[in-house]
Amino acid sequence: MAAAMKVLTTLRTHWKKTTFGVCLLSWGGNWLYGKHCDNLLRRAACQEAQVFGNQLIPSSMPLKKATVFLNPAACKGKARNLFEANAAPILHLSGMDVTVVKTDYEGQAKKLLELMENTDLIIIAGGDGTVQEVITGLLRRADEAAFSKIPIGFIPLGKTSTLSHTLYPESTNQVEHITNATLAILKGETIPLDVLQIKGEEEQPVFAVTGLRWGSYRDAGVKASKYWYLGPLKTKAAHFFSTFKEWPQKHQAALMYLGPTERPPEEPEEKPSRPPLYVRLYRRLRLYWSSPSKEIPKEVAPEDWEELKLSTVELSIATRNRQLDLTRTEDFMDICIEADTVSKGQFVSRGSQKMRDPHTCPEGSQCIQASRCILQLPEGTEGSFGIDNEEYEAMPVEVKLLPRKLRFICDPRMREQMLRAAVQ
């Protein structure tokens, strides 16, 4: 009893050291518990992947080839460790022939895609920039019609991974999010996503799955990292200090656009079986002996372009991939022209919302649905576009929607959720 009282007296006398020690032990215990939970998640994911790897395949069937494009610089240089700890073991246990291609500099993935040989699966391990580079390299190929049918998996390792909100359920645990995405790739459930083709006057086209932004909110958001010392207030500070420039900040341009197009029927994934030999012979003979039919030329309706002059604080052109509807009958992209009459207070407030959802269209904005548009900028216009969160020089561009161009692998639960929402 006396010893216990002596300990309590010592703790009370040195209460500052005691408080610091308790806080340190609590933090250490919580950190160790988090590491233990992460290891349990990795073990469970590997056990599930082992089931795929143990499946028997015929001896005549080759192994499924998967090519991984890994950007080690994503997530401030942590992407390589995140991939090797959470995704690589699952892929290797799955029984696939996995090839990992690590990029060394910005833009290298585009060049590597031009040289890539045949593969059964493309996996992108990185963030928005890596996705944008890979799909641009893929769709610039001469044989892009064949390569665009290859399923694409996405492992979200970047600081911004916008596409993961469409493909996978939300998760606050990074390890759980990465392992769930990797397991979804093994299951192979796919959904078609729209792609934007963005072409300048002389440049090669750039492709995006999210969209294009041009305006003051984007410019201020890029500078938010400069105010890191303000912690959670850095976003508001970046937008607040940007109001010290010329106000109101207007961006003027001319926009021409075409309306939505009717969605064609989806092609069946499985090719029909080849008919018997006698059926094929009969068809050829009938085609040979029949008189050639005269083709009646179809009248091509003129394109109904609409034109408007705009003055806006920000213009965004976005796909519908965030609000994916698998049953809609029209294909279009959303063009949001925000009013240039916002006050400085509204600008700072909306800037924080834009950091969370860059392509949100505030109340009072002009919203247009289009399948194709041409953006003409005044001569001498400065600034930059944000294409899938990657910076490009602002210039006159033509933006064309490529509906359901690529098939991305998603979590089966997300696909079921989309189909359920479409029925309701």
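Below: a short report on this structure. (Residues numbered from 1 in each chain as written. Predicted model: local features only at pLDDT ≥ 70, side-chain atom pairs only at ≥ 80, totals over all residues. Heavy atoms only, no water.)

1. Some thoughts on the packing of aromatic side chains
- According to the stated counting rule, one finds eight aromatic pairs in the structure shown.
- Both rings, one in Trp-228 and one in Tyr-229, keep their centres 5.8 Å apart while their planes meet at 80°; by these two values the pair is edge-to-face.
- For Tyr-229, a relative accessible area of 53% corresponds to the exposed category.
- Ring pairing ties together the aromatic residues Tyr-227, Trp-228, Tyr-229, Phe-240, Phe-241 and Phe-244, which thus form one cluster.
- When the ring centre of Phe-147 is taken as reference, the NZ or CZ atom of Arg-141 above it lies at 3.8 Å. (Phe/Tyr/Trp six-rings, centres within 6.5 Å; stacked < 30°, edge-to-face > 60°. Buried < 20%, exposed > 50% of the residue type's maximum accessible area, 1.4 Å probe, protein only. Lys NZ or Arg CZ within 6 Å of the ring centre and 35° of its normal.)

2. A closer look at the sheet that holds strand 7 (residues 211–215)
- With respect to topology, six strands assemble into an open sheet ordered 14-13-11-7-16-17, the strand pairing being antiparallel. Only two strands of the sheet have a single partner each, and these edge strands are strand 14 (366–370) and strand 17 (390–393). This sheet shows a mean twist of 20° between the axes of neighbouring strands, independent of strand direction.
- Where strand 16 (residues 384–387) lies against strand 17, four bridges are found, and the strand directions are antiparallel. Residue Ser-384 lies in a different strand from strand 17, and its bridge partner there is Glu-393. (Pairing = 2+ DSSP bridges. Helix = DSSP H or I, 4+ residues; strand = E, 2+ residues; numbered from the N terminus. Axes fitted to C-alpha atoms, helices over the stretch in contact; angles between N-to-C directions.)

3. Section: the nonpolar core
- Grouped together as the largest cluster of nonpolar side chains are 58 residues, with contacts concentrated most on Phe-83, Leu-91, Ile-155, Leu-157, Leu-167 and Phe-408.
- With seven residues, helix 4 (residues 79–93) is the largest single contributor of residues to this core.
- With residues up to four places along the chain from it excluded, the contact list for Phe-83 reads Val-68, Leu-70, Ala-88, Pro-89, Leu-91, Val-100, Ala-125, Ile-155 and Leu-157.
- With 27 residues, the next largest nonpolar core counts Ala-208, Ile-368, Cys-373 and Leu-375 among its residues. (Core = buried A, V, L, I, M, F, W, Y, C linked by side-chain atoms within 4.5 Å. Contact = heavy atoms within 4.5 Å.)

4. Section: helix 12 (residues 277–289)
- Across its 13 residues, helix 12 extends 19 Å between first and last C-alpha, which sits within 8% of the 18 Å expected from 1.5 Å per residue.
- For helix 12, the buried fraction is low: zero of the 13 residues fall into the buried class. (Expected span 1.5 Å × (residues − 1).)

5. Here we look at the environment of Asp-334
- Considering the arrangement of structural elements, one finds Asp-334 in strand 13 (residues 333–337).
- On a C-alpha basis, the gap between Asp-334 and Ala-238 in space is 27 Å, while along the polypeptide they are 96 residues apart.
- Not counting residues within four places of it along the chain, the set of residues in contact with Asp-334 comprises Ser-316, Ile-317, Ala-318, Arg-320, Ile-368 and Gln-369.
- A distance of 2.8 Å separates a polar atom in the side chain of Asp-334 from a polar atom in the side chain of Arg-320. (Polar contact = N/O pair within 3.5 Å; in protein donor to acceptor, adjacent residues only side chain to side chain.)

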